[in-house]
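# A look at the structure
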Amino acid sequence: MKEIKNILKFLLLILVVASCQDDEYAVEYPFVDASYTSSFGAGATGGVAVDSQYLSFLDLSSGATKHEWRIPESAFFLQGPIDQNLTNFDDLIINRGETVTTDKSIHVLFTEGNSDTEVILYNEFPEYTEFVQVLFVDGLAMNDTIKTIKVGDKWVYEQTVLIDVFANVEPTFEVRDELGDLIDHEAMDTIYLNFDDKLEFTDITASVNNARPDGRTWRFLTIEENPEDEKIMASGTNEVQEIAFNKGVGNFRGELISRRSRTPEIEGSEETLNMSVVFKVSPLTTPFVQNGVIEETDADVIMIPFSGKFAELEDSITPFFSVKIDGVDSPIASISINETNKSILDLSLETALTPDDASKSVTVSYDGQGEIFTLDGRELQIFTDAAIVVYEPTPVNIVGDVVEPAFMSDRFSITFDQALDPATIASSADATVGFDVQVNGSSAAIASVSVNASNEMMLDVVLTDGVYRADVISVAYTGPGDIKSIGGGRISDFTAQTVIMNEDDLLEGLGSFEDASQWTTGGTSGGGTVTFEALPTAPKGDHVVRFEAPGGGKSKITASGGKTIPLVGGTVYLITAKRYIASTTDTAFGKFIVGGVTYNDQWGAVARDVWTDVEIEFTPASDTNAALAMQSIPAGVSDVRYDDWQIKEKNARP
């Protein structure tokens, strides 16, 4: 039976939609049923905007003895059919003032915003009936059982459809002064302000009705006889918007444009409120003067601050200003209002100031003849010999060690804290001025200086007579010289710095004994031992190697893994190391074994219980890949520590 009823309901909907103008109950149905639909389906709620949208409702009930649609007093019935492109429905209003109709299909125009607006479907039936109505909640179909209620001798079905009617936007605002006090602008025709005063405007449109605005625009304009000539003085889009009246003096008007964006379901709304109050801005009474420190920037622009914002300059004002350096005029190239701060003038000279001018008297003056005004009409006052702070770039400072970058080179390198400008070297008559290089206690000639190709913060200094491993080299600097940083800073003076020579150790750090796994202990006898000892006072790193042997014993280490170093026959090499001979030692020497050849480290009169230097010179007869070993001798008691063993090519100054 339910399937037959649903099929008949569907056929009835087709008939009603096809002939929605036939509002008579022409057919008596042998059964009763209740249902309805609307523009948003059979749900219990819907949304619509006032005036610009309408909703349609259709009673699908059958077997009713009485039927009514009831609408609020603020709503109107419309005559259908309705053109979907229509935006004004006034001409379609029917039965104006009536709120009840027996028509089965209705179109309703709502004119008052109210989120709880009710449209009521009222039907009477001759007997008790239960109806199952399909409702859609959040897009999901749900069955709702509706029961008729007995009233007198009839059974009543009453369905209330809730409509969320969005009101039209009605812009409203509040205004507060700089102290936060509320201004009763509706009771005023004029708000009096001084130039640069600020007011805080708050959009309270959302509190007026249920229009639910989501955006706004504030605009404050000049008042002109011809509206097309009006200029925007200030604007904003914030809910709470601070407006500074600092673009001019006179009368200004304000607008608040409030809006609700359109959605697929609800029409948008926008309304402009022309504020009834006029904002009258008067000029300040304080004089317009030069105010604050005048400074030159790193872009060679002299920035002159003043006590007010400049009105637009119609003509050049350059002839009315003068700049002097130690009393001598320096021609001015241009003067303009700063782009980001209208209370500053930017002045450029034909010949820019240099850091050397910082020690001189540099001043700027204005003769008062330029007819220069603020935005509020005050004229700039004369000023004479106002001091200019000359820009001095950040000094360039030496950092880190001065080093010989490569073995047997002709140069050393100095690192600074800023990138150096190669152009200042290229343009210098003598870029070496200021540098003092000492080699083995004597002054050395500099062939050239240049910015390192790989590190722009490094300066390479080439010596005329080259650099040798045995040299003791120092460098100092006393300016001013011509070399500058990219930012224009000069090198700061520095005292003598010792050059760290490139050792070019063929052992590549193996002789620092930091990694015991790189050495193998072997060939010991008679109780001799080798220890890789942690020692905070080690000459290099944190570890040393210690050879101990009681009377007649020996101890020995060999480079692990068959480690060898390449030696060139006929080339002079140096074995260097640090040694510490304990006072208990009575043996005569230790051994460095290189490529199977033993080179004795004679201890003789070497001081005990202190670190001393080892230097042994040797020349291999032919090219070889030399293995490495160290050993104490078994001719007495030995207790000796070694550190920083190196083998390097001898490189002595001729």
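This is a predicted model, so every value here is computed, not measured.

### What to know about the overall build of the chain
- On a plain count of helices and strands, the chain comes out with two helices and 50 strands.
- Expressed along its principal axes, the backbone C-alpha trace of the chain runs to roughly 140 × 90 × 40 Å.
- For the chain, the proportion of its 654 residues judged to be buried stands at 44%.
- For the chain, the proportion of contacts with a sequence separation of at least 24, taken over those separated by at least 6, is 71%.

### Quick look at the sheet that holds strand E28 (residues 332-337)
- In spatial order, the strands read E27-E26-E30-E31-E24-E25-E29-E28; together these eight strands make up an open sheet with mixed pairing. At either end of the open sheet lies a strand with only one pairing partner, and these are strand E27 (328-329) and E28.
- Bridge count for strand E25 (residues 302-305) against strand E29 (residues 344-349) is four bridges, and the pairing is antiparallel. Within E29, the position partnered with Ile304 by the bridge is Leu345.

### A few points about the nonpolar core
- Ile575, Phe592, Val594, Leu628, Tyr642, Trp645 and Ile647 are the most contacted members of the largest nonpolar core, which has 30 residues in total.
- When contributions to this core are tallied by element, the ones reaching two or more residues are strand E42 (543-549), strand E43 (556-559), strand E44 (564-567), strand E45 (573-581), strand E46 (589-594), strand E48 (611-618), strand E49 (624-632) and strand E50 (638-649).

### As for unusual backbone geometry
- Here Gly80 and Pro81 are connected by a cis peptide whose omega angle stands at -5°.
- With respect to the helices, strands and loops of the structure, Pro81 is situated in the loop between strand E5 (75-78) and strand E6 (93-94).
- Geometrically, the link from Gly479 to Pro480 is a cis peptide bond, its omega value of 0° lying close to zero.
- Tracing the chain through its elements places Pro480 in the loop between strand E38 (473-477) and strand E39 (494-500).
- Phi at Phe513 takes a positive value of approximately 60°, unusual for a residue other than glycine.
- Note on placement: Phe513 falls in the loop between E39 and strand E40 (519-521).
- The class for Phe513 is buried, based on a relative accessible area of 1%.

### Looking at the packing of aromatic side chains
- This structure, assessed with the given rule, holds 31 aromatic pairs.
- Measuring from centroid to centroid gives 5.6 Å for Phe57 and Trp69, while their planes differ by 45°, and the two rings are tilted. Of the two residues, Phe57 is situated in strand E3 (residues 54-59) and Trp69 in strand E4 (residues 66-70); the sequence distance between them amounts to 12 residues. Neither residue differs from the other here; Phe57 and Trp69 are each classed as buried.
- Grouped by ring-pair contacts, the aromatic residues Phe513, Trp519, Phe532, Phe547, Phe592, Tyr642 and Trp645 constitute a single cluster.
- Over the ring of Tyr122 we find Arg70, and its NZ or CZ is 4.3 Å from the ring centre.
- Geometry around Phe76 places Arg96 over its ring, the cationic atom sitting 5.2 Å from the centre.

Definitions and cut-offs
- One numbering rule holds for all chains: residues counted from 1, following each sequence as written.
- Note on the predicted model: pLDDT of at least 70 is required for a residue's local features to be given, and 80 or more for side-chain atom pairs to be given and counted; whole-chain, interface and lining totals, by contrast, use all residues.
- Only hydrogens and water are set aside when side-chain values are computed; all heavy atoms of the structure are taken into account.
- Counting from the N terminus, the helices are DSSP H or I runs at least four residues long and the strands are E runs at least two residues long.
- Burial status follows relative accessibility: with a 1.4 Å probe on protein chains alone, a residue under 20% of its type maximum counts as buried, one over 50% as exposed, and anything between as partly exposed.
- By definition, residues are in contact when any of their heavy atoms lie within 4.5 Å.
- Here, any two strands with at least 2 DSSP bridges between them count as paired.
- In this description, a nonpolar core means a group of buried Ala, Val, Leu, Ile, Met, Phe, Trp, Tyr and Cys residues linked to one another through side-chain atoms lying within 4.5 Å.
- Think of it this way: a Phe, Tyr or Trp ring, Trp meaning its six-membered ring, pairs with another when their centres are within 6.5 Å, and the plane angle makes it stacked under 30 degrees, edge-to-face over 60, tilted otherwise.
- A ring is considered to have a charge above it if a Lys NZ or an Arg CZ atom is located within 6 Å of its centre and within 35 degrees of its normal.

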